[in-house]
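# Architecture at a glance
The primary structure of each chain is shown beneath.
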Amino acid sequence: NRQAGVWLGPGAQGHWPRRVKIRSNRIFDNGWSQLFPGVPGMGIDIIDYRFGLDEPAFGPTANDDLDADDGPNGFQNFPELAGAAPTKGGTRVVGVLASKPRTKYKVEFFASQRCNKFGFGEGERVLGEKFVTTGTDGTVIFDATVTGTSKVGEFVTTTATEETDAEQGLGTSEFSRCAPVAA
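Figured I'd write up the structure that's included with this text. (Residues numbered from 1 in each chain as written. Predicted model: local features only at pLDDT ≥ 70, side-chain atom pairs only at ≥ 80, totals over all residues. Heavy atoms only, no water.)

Once that is clear, we can look at the sheet that holds strand 6 (residues 155–162). Strand order across the open sheet formed by four strands is 4-3-6-7, with antiparallel pairing between neighbours. Two strands in the sheet have a free side with no partner beyond their single neighbour: strand 4 (125–133) and strand 7 (179–180). With eight bridges joining them, strand 3 (residues 104–112) and strand 6 adopt antiparallel strand pairing. Bridge pairing in strand 6 places Glu108 opposite Thr159. (Pairing = 2+ DSSP bridges. Helix = DSSP H or I, 4+ residues; strand = E, 2+ residues; numbered from the N terminus.)

Printed below as a string of structure tokens:
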């Protein structure tokens, strides 16, 4: 986001949000990262269910080829994880991001005790981040060792944030499917 913290207020037509529930969550590093370079921020928008994201009956938005669709957060594709394992002093995560060709992304890694009912992550703890750039085919394979620690039995999930779309604002994906932390 381009404003500090979390703010709930009247919308575009002066109406206050309804049915918005924020509970049992932690929001990390939400801030003015684009206005003040070097200040971390996640770029996740919290929106009302009326816009169609994560409606309880429908689940997460599916990834699409070359991430050609548009909508809230650009309907940014989420990474697909192949596995996660604890390492000495951190966590190793392997996966792939399929999105726009030749584009830079920040992939953020999180650990959770459980996944949601659709098998996607919840992001209880931040593990770290890695910057990647997709190739001409729109994909990049990543093998990241981040400093945040995880334990066998936990789950790792990720988000991807487009880093090159300053004019349109950043698009951050929904959380990825969970990958169990295995030895």
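Next comes the rest of the account.
What follows covers the side chain of Glu174. Here Glu174 shows up in the loop between strand 6 and strand 7. Buried and unpaired, Glu174 has no salt bridge, with Arg177 as the nearest side chain of opposite charge at 9.8 Å. Engagement of the side chain of Glu174 in a polar contact is seen with the backbone nitrogen of Thr61, the distance being 2.9 Å. (Buried < 20%, exposed > 50% of the residue type's maximum accessible area, 1.4 Å probe, protein only. Lys, Arg positive; Asp, Glu negative; His and termini not counted. Salt bridge = Lys/Arg side-chain N within 4 Å of Asp/Glu carboxyl O. Polar contact = N/O pair within 3.5 Å; in protein donor to acceptor, adjacent residues only side chain to side chain.)

Moving on, we get to the sheet that holds strand 1 (residues 80–87). Read from one edge to the other, the open sheet built from three strands follows the order 1-2-5, with strand pairing classed as antiparallel. With partners counted over all chains shown, the strands left at the sheet margins are strand 1 and strand 5 (139–146), one partner each. Neighbour-to-neighbour, the strand axes of this sheet turn through a mean angle of 10 degrees, independent of strand direction. With eight bridges connecting them, strand 2 (residues 90–98) and strand 5 associate as antiparallel partners. If you follow Val94 over to strand 5, its bridge partner there is Asp143. (Axes fitted to C-alpha atoms, helices over the stretch in contact; angles between N-to-C directions.)

Enumeration according to the criterion identifies three aromatic pairs in this entry. Ring geometry for Phe109 and Phe142: centres 5.9 Å apart, planes at 70 degrees, overall edge-to-face. One end of the pair, Phe109, is in strand 3; the other, Phe142, is in strand 5, and 33 residues separate them in sequence. Judged by its relative accessible area of 1%, Phe142 is buried. Ring geometry for Phe110 against Phe175: centres 5.3 Å apart, planes inclined by 80 degrees, an arrangement best described as edge-to-face. Of this pair, Phe110 sits in strand 3 while Phe175 sits in the loop between strand 6 and strand 7; the two residues are 65 residues apart in sequence, bridging distant segments of the chain. Judged by its relative accessible area of 1%, Phe110 is buried. (Phe/Tyr/Trp six-rings, centres within 6.5 Å; stacked < 30°, edge-to-face > 60°.)

Okay, the pairing of strand 1 next. When a strand is regular, its side chains alternate between the sheet's two faces. Note that strand 1 and strand 2 share seven bridges and pair antiparallel. What sits directly across from Thr87, in strand 2, is Gly90. Where strand 1 hands over to strand 2, the hairpin turn is made up of two residues, of which Gly89 adopts a positive phi near 80 degrees.

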